[in-house]
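# Summary of structural features
What follows is each chain in one-letter form.
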Amino acid sequence: FKNNKKYSERTLKIYEQKIEAIEQKKNDTRQWFENFFKSCGGDTEKIEITKKDFLKIMDVAKEFSQHFFRLFDSDDSGDVTIEEIKIALNKLSDAGEADKKTISWFLKRIQSKAGDGDITQEVFFKSINKEFLLRLFGMLDIDNGGTVNLDEFNRSVDRLLMIGSDEKIMLYLENKFHEVATDVDNITYEDFKKVIVNKEEYFTKKMFDYCDRDGSQSISLQEFTSQLELLIKKGSTEEEQKKIDEDKLHFLFKIYDQDDSGCIDREEMRSCIKVCTLESKLVFKDDEEINRIADMLFDKADTDKSGDITFEEFKETLMPLIKNLEMNPKGWVIPERKKGFAESWKNFKKRYLTKKWFVNNAVFLTNLMVVVLLHIGVFIAGVVMYSDTYPALMIAKGAGKCLNLTSVLCFLLMCRMTLTHIRNSPLGRYLALDQSVDAHKTLGCVYAILALIHTVAHVFTFLHNAKNSNKLNIKGQNETDWSFILTTGGYWGGSYISGVILILTTITLLIFASPKIRRGGHFSMFYWAHLINYVTLAIGTIVHCVNHWKWMCVPLAIYVLEKIAESRIIKKARFGTFYLVDYKVIPEDVVELKILRPRDSFKFDTGSYAFLTIPFITPYEKHPFTISSSSEERNFLTFHIKYENTRMNIFIHTVV
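Everything in this summary refers to the structure shown in the same document.

What counts, and where the lines are drawn
Residues numbered from 1 in each chain as written. Predicted model: local features only at pLDDT ≥ 70, side-chain atom pairs only at ≥ 80, totals over all residues. Heavy atoms only, no water. Core = buried A, V, L, I, M, F, W, Y, C linked by side-chain atoms within 4.5 Å. Buried < 20%, exposed > 50% of the residue type's maximum accessible area, 1.4 Å probe, protein only. Helix = DSSP H or I, 4+ residues; strand = E, 2+ residues; numbered from the N terminus. Contact = heavy atoms within 4.5 Å. Salt bridge = Lys/Arg side-chain N within 4 Å of Asp/Glu carboxyl O. Phe/Tyr/Trp six-rings, centres within 6.5 Å; stacked < 30°, edge-to-face > 60°. Lys NZ or Arg CZ within 6 Å of the ring centre and 35° of its normal. 1 Å grid on protein atoms, 1.4 Å probe; cavity = no way out; pocket = protein on both sides within 12 Å on 5 of 7 lines; lining within 4 Å. Points joined across faces, edges and corners; volume = space filled by probe spheres on them. Pairing = 2+ DSSP bridges.

Of all hydrophobic cores here, the largest spans 38 residues; its most connected members are Phe-54, Phe-64, Phe-68, Phe-72, Ile-85, Ile-119 and Phe-124. Contributions of two or more residues to this core are made by helix 1 (9-39), helix 3 (61-72), helix 4 (82-92), helix 5 (97-114), helix 6 (121-127), helix 7 (130-140) and helix 8 (150-160). Residues contacting Ile-119, with those up to four places away along its chain left out, are Phe-69, Gly-78, Asp-79, Val-80, Thr-81, Ile-82, Ile-85, Ile-110, Ala-114 and Phe-124. Core analysis: the next-biggest nonpolar cluster, separate from the first, contains 37 residues, Tyr-210, Cys-211, Phe-224 and Ile-309 among them.

Written out as structure tokens, the structure is:
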């Protein structure tokens, strides 16, 4: 905060006051612990105590409870909630199962002593017993060495007093208020629009009206923070959380209820779903498709067929969809933080550069090493074959040989049916086929790099030959005959022309495979770009390189046969038509789909998966789901699908 010039002086002052209070608590607690340690007769140089010494706190439990309680009482109010204690203990834990059980024990112990009253320092004092201290000792013993030293204790205190994420959010919001306010005490709608991050104006206006409780067309700091805090915070008890969820649901209902009539009609549902899909970057052919989805949802929610949706109907039927449909107020006001290189590298090391990751991915790493060695070997072979030529040509030929190998692997890794058969065979245990898509993406990038090397090396070779060969000077020293470009290399002398086409094809593939297109609601563009350019790539490379067909004939034949087998005409002829016959929503955001199994020819094993798609939403994007029904079930296929994001949520609710 202090080093960020964007924060206002008022916000910095609030933050500095919090830091001063925290530092005072830290110093007082550390001093007490050090004095207690010395009173136990410990080594003043190492400053560490054992469990036996730690239990002596029972003799000074009253004094200890005063200092310990202050670590949880963040606002120095004299009482704390069970949620504050839970949040603080979670900071202290390592999120392991043992720590979770310990935290649960602490919460139950303190709650039992508090009863229906407030949790005060006196309650903490009553909660302290031998088991309480032993469990606390286990959490303070960070290195599990059987002793707690001063460094471990200080680190634990730092974690306990660390400012929570919700508190940081509120500080951020207070700062944003002062940053955009044209008036010292209030902000107008125009000011408010600067706070909301990349939202449709419809949502922004509804959010403003929600915060403007007195209808003054301006928002005070108290209105601003209190209303947004309600949408962000979590309840300390199950009852409180239900109340907060109810308030959030009322807010969402008001967003849909455009005319504030207390009910949602069909047109309001259509209008809001349209805005939601725009906000979620979901792309549909036209408004008619969006209206069809809205009508399905409306008919489902309007249980009494009155033509309007009441709040109770809204709550019972649409809540699972609404809570994922870009309705996260926290995401509206807190911009997505971009990670720097240092943080990205730290996360990378934490996730991948560990012994556990290397052990769990031994097969993948072995496969990777084999592929790398194959590329090195093929490159060296290409260089050796042209060792008596110009160095740039040697590099171009080596890279060209690697391109043959890479293109073969890229095609094979997209042959799903073949990979499935291999996975089920004894060979499957030695191949990391579950990472086939990621491997395909990586090899696609390798292909582009090799193509660049191949092209640049040939350009240098071309310049070298142009300078030293008489072939380019047929009509005199200053005139060059470029007709050889149309008659050199490959089949029918088409290596130069096909090379340019292949470069453009590779660039097109990279562009349309980018996440912004693939995941940005333009999957059909990605699909067709790949399908068309695969054909161009296959034909172009065969024309470009005389021997390339020897590499590509088998993988290309497998790929083409699989595409034919996966076509709708062939599938319908083999298996018939699949019908959704029943569904039900079960707890934890899971939908069970029951689909008619038309023919016995559709066979599967335990753990098999099938691809589901909704043609009128996105005809080419398919999602794999594990078949949860038994392979012995003759009549139906069952899928249990948990939806966790916007696109999947719309997908599921449109299906049902």
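Now that the structure has been shown, we can carry on.
This part covers the pattern of salt bridges. One pass over the full model with this rule turns up nine salt bridges. Among the salt bridges present, the one from Glu-267 reaches Arg-270, with a minimum N-O distance of 3.4 Å. Of this pair, Glu-267 and Arg-270 both sit in helix 14 (residues 266-279), three residues apart, roughly one helical turn. Salt bridges linked by common partners bring Arg-266, Glu-267, Arg-270, Asp-295 and Asp-299 together as one network.

The next point concerns the packing of aromatic side chains. Under the defined criterion, the tally for this structure stands at 18 aromatic pairs. Taking 5.0 Å as the distance between ring centres and 45 degrees as the angle between the ring planes, the aromatic pair formed by Phe-348 and Tyr-352 counts as tilted. Residue Phe-348 and its partner Tyr-352 are both found in helix 19 (residues 341-352); the two are separated by four residues, about one turn of the helix. Here the aromatic rings of Phe-411 and Tyr-534 are separated by 5.2 Å at their centres, their planes lie at 45 degrees, and the arrangement is tilted. Residue Phe-411 is found in helix 22 (residues 391-412), and its partner Tyr-534 is found in helix 27 (residues 523-544); the two are separated by 123 residues along the sequence. Here the aromatic residues Trp-345, Phe-348, Tyr-352, Trp-357 and Phe-358 are joined through ring pairs into a cluster of three or more. Against the face of Phe-636 rests Lys-594, its NZ or CZ located 4.5 Å from the ring centre.

Bringing empty space enclosed by the protein into the picture now. Enumeration according to the criterion identifies three cavities of 30 Å³ or more in this entry. Looking at the largest cavity, its volume works out to about 110 Å³. Forming the boundary of the largest cavity are 14 residues, of which Thr-29, Phe-64, Phe-68, Leu-71 and Phe-153 lie nearest the centre. Only helix 1, helix 3, helix 7 and helix 8 provide two or more residues apiece to the lining of the largest cavity.

Looking at the element boundaries, Lys-176 is found in helix 9 (residues 165-180). Put simply, Lys-176 and Val-195 are 19 residues apart on the chain and 6.6 Å apart in space, counted from C-alpha to C-alpha. Leave out the neighbours within four places in its chain, and Lys-176 touches Lys-194 and Val-195.

With that settled, consider the pairing of strand 10 (residues 623-626). Taking every second residue as pointing to the same face, the buried face of strand 10 carries His-623 and Phe-625, while none of Pro-624 and Thr-626 on the other face is buried. The pairing of strand 9 (residues 609-612) with strand 10 spans four bridges and is antiparallel. When the bridges of strand 10 are listed, Phe-611 appears paired with Pro-624.

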